[in-house]
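Now for the letters of each chain:
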Amino acid sequence: MQKSRMGLSYAALAGLVLTLCLAAPSAARAATVGLAVGEPLKEAQDLSKAGKYADALRKVKTANALSGKTPYESFVIDDFAAFLNMKLKDYAAAAQAAEAALATGQVTDKERPERLKTLVQISYTAKNYGKVIAFAKQYQQAAGPDAEMQRLVTQAYYLQKDYPDAEASAKALTASQTAAGRKPDEAILQLWLSSAFYAQDKSGQQAALTALVENYSSPAYIGDLLNLVEADLGKSDRMSLEVFRLERAAGLLKTSDAYTEMAQLAIQLGLPGEARAVMAQGFAAGVLGGKNKSREQRLEAMAKQQAGQDEPALAATAGTSKARAALAEAYASYGKDDKAIALYKDVLAAAPRDADLVRLHLGQAYLVKGDVASARKSFAAVGDAKLAGLARLARLWIAVARSKN
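Predicted, not measured: the structure shown is a model, and the values here were computed from it. (Residues numbered from 1 in each chain as written. Predicted model: local features only at pLDDT ≥ 70, side-chain atom pairs only at ≥ 80, totals over all residues. Heavy atoms only, no water.)

Considerations on the overall build of the protein
What counts is decided by this rule: A run of DSSP states H or I qualifies as a helix once it reaches four residues; a run of E qualifies as a strand once it reaches two. Both are numbered from the N-terminal end. Radius of gyration: over C-alpha atoms. The globule rule applied is 2.2 Å multiplied by the number of residues raised to the 0.38 power. Type-normalised accessible area, obtained with a 1.4 Å probe on protein chains alone, sets the label of each residue: buried when under 20%, exposed when over 50%, and partly exposed for intermediate values. For the area figures, the Shrake-Rupley method with a 1.4 Å probe applies, and any residue is considered shielded solely by the protein chains shown.
Scanning the protein from terminus to terminus reveals 21 helices and 0 strands. In summary, the protein has a C-alpha radius of gyration of 32 Å against a globular reference of 22 Å for 405 residues, an excess of more than 25%. C-alpha extents for the protein along the principal axes are approximately 105 × 45 × 30 Å. Per-residue burial over the protein gives 46% buried out of 405 residues. With the model as given, the accessible surface of the protein reaches about 19,300 Å², and the carbon-plus-sulfur share is 52%.

Following this line, the structure appears as structure tokens:
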């Protein structure tokens, strides 16, 4: 059964600091309105300056109730109402008033983009996500592409549970950031992943996790992507060991069962030296030695005994490429990285049928030795010609190598 590592941690959203642009109308503007409207607005302005926003809003409503107002007077009233509602933290009412002010036709083309941006921000605070999307699109039509507006649109789609559109928006924002030579926003990549998860889009999940792994090489992301890649590797002891190796390198081996299963697989595949090292690590980390201590000690003893017989018998042979690759893997399991690397390179020169697996193992040997550049080069050369998923596993090894720099 596939291990499930995916949780809701990758759905966390970045907080937003809203910079709101509304301001109370100036005395000069108030003087341009008629006397009937101007008197209650002047009273409202005085009350606002004194911090009496609720009383000021009542005066603004008195002005708004008058008939025969000019479009400019309506604009001033709505604009002032938006300001006061913001002060009173009634964001829904503030958004409604700001939208009404924009609809009066008194906003110039130059002022319009900033007004639209403010409407997006207030609407987001008011949790009116449909308005966020509508006004953000109007803003980008007026002012051009804007990463902050696209981020708010993406989050609005997500919060409306419109996961396909949230995924598409996050993907587009990531592409634009990448094209501009910027590192994609981690929060947007997480949102892309979460949207794909809820949309049951496995390819989208893999694409989002790949971007997270390539830009933020955390063990959690590597583990989540490995969970998806693992299914493409097929079911075999060999591929299970390869998965465990990556987990071990990434610091993802966390349970006693994982340590013992990896050690058992290594023994079954003729690598008692690797089994011995795995068990020693498990005991040193305090993961082993609990309720199953006796069984774990027996497994470690077996690994030590077999390794003690196997290691002295290792010798270079002139056998088949497969035999030489197995010998190189054995050398690597005992920490004899220079011998392993030389033999792997010799095997690759003969163009063996399983060259991709050999390249993967060569990269692992380089990484253990500390030659990160050569490790990444070897992993990148894995072309997935013979085994589905192996190239994607190699990409994960590149992420592990990147984290070692």
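What about the nonpolar core?
Spelled out, the test is: We call a set of buried residues a nonpolar core when its members are Ala, Val, Leu, Ile, Met, Phe, Trp, Tyr or Cys and they connect through side-chain atoms within 4.5 Å of each other. By the convention used here, residues are in contact when the closest approach between their heavy atoms is within 4.5 Å.
Among the nonpolar cores identified, the biggest contains 119 residues, and L41, V60, I222, L246, L360, L393 and L396 are the most heavily contacted of them. By residue number, the principal contributor to this core is helix α21 (residues 390-403), which donates 10 residues. Residues in contact with L396, not counting those within four places in the same chain, are V213, I222, L225, L226, V229 and L246.

Brief notes about the packing of helix α6 (residues 112-125) against helix α8 (residues 147-159)
Test applied: Axis definition: a line fitted to C-alpha atoms, limited for helices to the stretch in contact. Angles are taken between N-to-C directions and run from 0 to 180 degrees. Each angle is binned into one of four classes, with values under 35 degrees roughly parallel, values over 145 roughly antiparallel, values of 65 to 115 roughly perpendicular, and all other values oblique. When the near helix sits turned anticlockwise from the far one by under a right angle, the crossing is termed left-handed; a clockwise turn instead gives a right-handed crossing. Residues are grouped as follows: nonpolar covers Ala, Val, Leu, Ile, Met, Phe, Trp, Tyr, Cys and Pro; charged covers Asp, Glu, Lys and Arg; every other residue, Gly included, is treated as polar.
Contact pair α6 / α8: the axes reach a minimum separation of 11 Å and the direction vectors enclose 30 degrees. The orientation of α6 with respect to α8, classified from their angle, is roughly parallel. Relative to α8, the crossing made by α6 is left-handed. Where α6 abuts α8, its residues K117, V120 and Y124 lie against M149, L152, Q155 and L159. Split into classes, the residues belonging to the contact of α6 with α8 amount to 5 nonpolar, 1 polar and 1 charged.

Regarding the packing of aromatic side chains
So the rule is basically this: A pair of Phe, Tyr and Trp rings is counted when the ring centres sit within 6.5 Å of each other, with Trp represented by its six-membered ring. The angle between the planes then sorts it: under 30 degrees is stacked, over 60 is edge-to-face, the rest tilted.
Counting across every chain of the model gives 7 aromatic pairs. Pairing F80 with F83 gives two aromatic rings, centres 6.3 Å apart and planes at 40 degrees, and the pair type is tilted. On the criterion of helical spacing, the pair formed by F80 and F83 is a turn pair, its members being 3 residues apart in helix α4 (residues 71-87). Of the two residues examined, F80 and F83, each falls in the buried class. Seen in terms of ring centroids, Y158 and Y163 are 5.4 Å apart; in terms of plane orientation they differ by 70 degrees. Their pairing is edge-to-face. Classification of Y163 by relative accessible area gives buried; the value is 16%. Within the aromatic cluster, the residues linked to one another by ring pairs are Y158, Y163, F197 and Y198.

A closer look at the environment of G204
In this structure, G204 sits in helix α11 (residues 202-215). Residue class for G204 comes out buried when judged on its relative accessible area of 5%. Apart from the residues lying within four places of it in its own chain, the contact partners of G204 are E167, W192 and A196.

Description of the confidence of the model for the protein
What counts, and what does not: As a per-residue quantity, pLDDT reports the predictor's confidence and falls between 0 and 100.
On average, the protein scores 88 in pLDDT, and the residues at 70 or more come to 90%. Across residues 1-31, confidence stays below pLDDT 50; counting only partners more than four residues off in sequence or on other chains, it has 68 contacts.

Observations concerning unusual backbone geometry
Non-glycine residue K161 carries a positive phi angle of around 65 degrees. The class of K161 is exposed, set by a relative accessible area of 62%. Even without being a glycine, Q200 presents a positive backbone phi close to 55 degrees. Looking at the secondary structure, you find Q200 in the loop between α10 (186-198) and α11.

Some points on the environment of W192
Inspection of the secondary structure puts W192 in helix α10. Judged by relative accessible area, W192 falls into the buried class, the value being 7%. Put simply, W192 and G105 are 87 residues apart on the chain and 38 Å apart in space, counted from C-alpha to C-alpha. Filtering out sequence-adjacent residues up to four positions away, W192 remains in contact with E167, A170, K171, T174, G204, A207, A208 and A211.

Some thoughts on the side chain of K117
Here K117 is to be found in helix α6. With residues up to four places along the chain from it excluded, the contact list for K117 reads Y139, D146 and M149.

Some words on the pattern of salt bridges
Going by this rule: Any Lys or Arg side-chain nitrogen found within 4 Å of a carboxyl oxygen on Asp or Glu counts as a salt bridge.
Within the structure shown, the criterion is met by 18 salt bridges. Among the salt bridges present, the one from R151 reaches D185, with a minimum N-O distance of 3.2 Å. On the criterion of sequence distance, the pair formed by R151 in helix α8 and D185 in the loop between α9 (163-179) and α10 is long-range, its members being 34 residues apart. Residue classification places R151 among the buried residues on the basis of a relative accessible area of 14%. Salt-bridge contacts for K336 lead to E311; the nearest nitrogen and oxygen are separated by 3.6 Å. In this pair, K336 sits in the loop between α17 (321-333) and α18 (337-349) while E311 sits in the loop between α16 (293-310) and α17, placing the two residues 25 residues apart along the sequence. Classification of K336 by relative accessible area gives partly exposed; the value is 28%. Each member of the salt-bridge network shares a partner with another, and the members are R238, E242, R245, E274 and E329.

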